[in-house]
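Observations on chain architecture
Next come the chains, spelled out residue by residue.
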Amino acid sequence: MRIRRILASVIAAAALAGLGLTGATTASAASLTPGECEQGGGTVNWANNTCSGGRFDGQMVD
């Protein structure tokens, strides 16, 4: 009985970890912080709230 509980908790933890990684990936693709834009080598274009140049060129800045 104890082994089943441990196995269930390990599977649940792995599932939650997978969802966390997926959520982090989609969230970073949706919008950036100004610091992330600058760390990627770009500059923030405040006229249209996008990152200009660098790794995140054209992505929205929040």
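In what follows, the structure referred to is the one given above.
Residues numbered from 1 in each chain as written. Predicted model: local features only at pLDDT ≥ 70, side-chain atom pairs only at ≥ 80, totals over all residues. Heavy atoms only, no water.

Turning our eyes to something else, we now look at the side chain of Thr 50. Looking at where Thr 50 falls in the secondary structure, it is placed in strand 2 (residues 50-52). Thr 50 sits in the buried class, given a relative accessible area of 13%. Looking at Thr 50, its side chain comes within polar contact range of the side chain of Asn 48, at 2.8 Å. What Thr 50 contacts, discounting residues up to four positions off in sequence, is Thr 43, Val 44, Asn 45, Gly 58, Gln 59, Met 60 and Val 61. (Helix = DSSP H or I, 4+ residues; strand = E, 2+ residues; numbered from the N terminus. Buried < 20%, exposed > 50% of the residue type's maximum accessible area, 1.4 Å probe, protein only. Polar contact = N/O pair within 3.5 Å; in protein donor to acceptor, adjacent residues only side chain to side chain. Contact = heavy atoms within 4.5 Å.)

Phi is positive for Asn 49, close to 55 degrees, though the residue is something other than glycine. Mapped onto the secondary structure, Asn 49 falls in the loop between strand 1 (43-45) and strand 2. A relative accessible area of 31% places Asn 49 in the partly exposed class.

In this section: the environment of Met 60. Along the chain, Met 60 falls in the segment after strand 2. In this structure, the C-alpha to C-alpha distance between Met 60 and Ser 31, residues 29 residues apart in sequence, is 4.9 Å. What Met 60 contacts, discounting residues up to four positions off in sequence, is Ala 30, Ser 31, Leu 32, Asn 48, Asn 49 and Thr 50.

Read these as geometric descriptors, not functional statements.
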